[in-house]
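Each chain, letter by letter, is given below.
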Amino acid sequence: MRIILLGAPGAGKGTVANLLSEYDRSVQISTGDILRAAVKEGTGLGKQAKEYMDRGDLVPDSLILRMMEERLQANDCKKGFILDGFPRTIPQAEELKTLLERLHLTLDLVVNLEVPKEVILDRLTTRRTCSNPDCQTIYNVKSNPPTRDGKCKVCGWPVIQRDDESEEAITNRLETYNEKTTPLIGFYQKEGLLKNIFSLNSKETVKNIKKALTAGK
Ligand code: ADP
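Residues numbered from 1 in each chain as written. Predicted model: local features only at pLDDT ≥ 70, side-chain atom pairs only at ≥ 80, totals over all residues. Heavy atoms only, no water.

Visitor: Would you take a moment to explain helix α2 (residues 31-41) for this structure?
Guide: Quick reminder: α-helices carry 3.6 residues per turn. Residues three or four places apart thus point the same way. Burial in α2 covers these residues: T31, L35 and A38. Projection of α2 onto a plane perpendicular to its axis shows the buried side chains occupying an angular sector of 60°, all on one side. Along its buried surface, α2 packs onto β2 (27-30), α3 (44-55), α4 (61-71) and β3 (81-84). With its phi angle positive at about 70°, G42 sits one or two positions after the end of α2. (Buried < 20%, exposed > 50% of the residue type's maximum accessible area, 1.4 Å probe, protein only. Helix = DSSP H or I, 4+ residues; strand = E, 2+ residues; numbered from the N terminus. Arc of directions from axis to C-beta. Contact = heavy atoms within 4.5 Å.)

Visitor: I tried to follow the sheet that holds β3 on my own but got confused; where do I start?
Guide: Strand pairs in the sheet, formed through backbone hydrogen bonds, run parallel or antiparallel to each other. Taking strand neighbours across the sheet as the criterion, the five strands line up as β2-β3-β1-β4-β8 in an open arrangement whose pairing is parallel. The sheet is open, and its two borders are formed by β2 and β8 (194-198), each paired with just one other strand. Averaged over all neighbouring strand pairs, the angle between strand axes comes to 20°, with direction disregarded. Where β2 meets β3, four bridges bridge the pair, whose relative direction is parallel. Bridge pairing in β3 links S30 to D84. (Pairing = 2+ DSSP bridges. Axes fitted to C-alpha atoms, helices over the stretch in contact; angles between N-to-C directions.)

Visitor: Sorry, what's going on with the pattern of salt bridges here?
Guide: Pairs can form between side chains of opposite charge once their charged atoms are near each other. Tallying each qualifying case throughout the model produces 13 salt bridges. Residue D164 is joined to R162 by a salt bridge in which the shortest nitrogen-to-oxygen separation is 2.9 Å. What makes R162 buried here is its relative accessible area of 17%. As a salt-bridge pair, E165 and R162 come within 3.8 Å of each other at their nearest N and O atoms. Like R162, E165 is buried. (Salt bridge = Lys/Arg side-chain N within 4 Å of Asp/Glu carboxyl O.)

Visitor: Even after reading the chapter, I still don't get the packing of aromatic side chains, so can you show me in this structure?
Guide: For the structure shown, the criterion picks out one aromatic pair. Considering the side-chain rings of F187 and Y188, the 4.9 Å spacing of their centres and the 80° angle between planes classify their relative orientation as edge-to-face. Given the relative accessible area of 2%, Y188 is considered buried. K210 extends its terminal NZ or CZ atom over the ring of Y23, reaching a point 4.0 Å from the ring centre. (Phe/Tyr/Trp six-rings, centres within 6.5 Å; stacked < 30°, edge-to-face > 60°. Lys NZ or Arg CZ within 6 Å of the ring centre and 35° of its normal.)

Visitor: Explanation requested: the side chain of T129 in the structure shown.
Guide: Structurally, T129 can be placed in strand β5 (residues 127-130). Among the residues examined, T129 registers a relative accessible area of 4% and is labelled buried. Apart from residues lying up to four places away in sequence, T129 is in contact with Q136, T137, I138, P158, V159, I160, R162 and E165.

Visitor: Which parts of the structure should I look at to understand the site of the ligand?
Guide: Near the ligand, the surroundings consist of 16 residues, among which T31, R36, D57, G85 and R173 are the closest. One of the backbone nitrogen or oxygen atoms of G85 is found 2.8 Å away from a nitrogen atom of the ligand. Here an oxygen atom of the ligand sits 3.1 Å away from a polar atom, N or O, in the side chain of R88. Contact with the protein chains covers 93% of the free accessible surface of the ligand, which is 550 Å². No other element matches α2, which puts four residues into the shell around the ligand. Per-class residue counts for the shell around the ligand are seven nonpolar, four polar and five charged. (Near = heavy atom within 4 Å. Polar contact = N/O pair within 3.5 Å; in protein donor to acceptor, adjacent residues only side chain to side chain. Areas by Shrake-Rupley, 256 points an atom, 1.4 Å probe, with all protein chains shown as cover. Nonpolar A, V, L, I, M, F, W, Y, C, P; charged D, E, K, R; others polar.)

Visitor: Even after reading the chapter, I still don't get the sheet that holds strand β7 (residues 159-160), so can you show me in this structure?
Guide: Taking strand neighbours across the sheet as the criterion, the three strands line up as β6-β5-β7 in an open arrangement whose pairing is antiparallel. Each of the sheet's edge strands pairs with one partner strand only, and the pair in question is β6 (138-140) and β7. Relative to β6, β5 is paired through three bridges, and the arrangement is antiparallel. Each bridged residue has a counterpart across the sheet, and for R127 the counterpart in β6 is N140. Against the sheet, helix α6 (residues 117-126) contacts β5 and β6, and its axis sits at roughly 30° relative to β5.

What follows is the structure, encoded as structure tokens:
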């Protein structure tokens with residue numbers, strides 16, 4: 001399958017993409033994960049992207065497009081891909097369209113994950129991450145807390161709130177999503193590719209996406 005997942009930060013794109021990739025071996029491509037790995041490795045891309053990411057701003061289109069043009073032509077994409085976090089702006093969507101035309105590829109579906117705002121806010125503000133760069137286990141202060149003194153259960157390092165998970169950065173990420181990314185819903189509606197899916201449960205959502213794929217939309 002070749003699909004795009006749209007949805008606010010915290011909507012569960014990563015979890016859904018991961019489940020979908022297990023189902024038919026299409027590769028999950030998360031621009032957020034690629035960028036975080038680049039920051040961790042201290043590459044040129046990582047150094048340029050870090051300050052935008054920490055503030056909850058989008059990384060400039062030119063950087064993202066260069067990175068994705070290369071990624072989408074890698075061998076593992078031949079089996080199909082699930083894009084999680086890209087495109088995120090109209091220029092990115094337009095460039096992706098041109099690139100796919102050049103590669104003679106078509107998209108099967110663009111899924112817009114609809115999740116109530118209260119659920120999104122609750123998920124984002126309760127998330128914590130292990131500060132050990134080689135561990136990075138994710139916790140949730142309500143449903144899956146770290147040890148009582150705030151340490152990682154896997155490696156013992158302190159569990160922290162990531163820079164982009166401060167209240168200020170979260171507010172900024174959500175505003176940026178509304179302003180820059182929601183116009184993509186109309187863009188893909190016009191292309192006849194959009195499917196809105198109300199999503200609270202990732203497994204249920206995956207079932208609905210499979211149904212939409214077999215129905216041809
Ligand atoms: P979330 O969807 O929770 O905001 P991601 O892991 O998808 O998180 O992305 C983390 C950060 O990486 C974003 O806040 C942004 O700074 C950057 N980023 C990821 N994908 C893109 C993209 N397609 N365009 C611009 N910036 C991006």
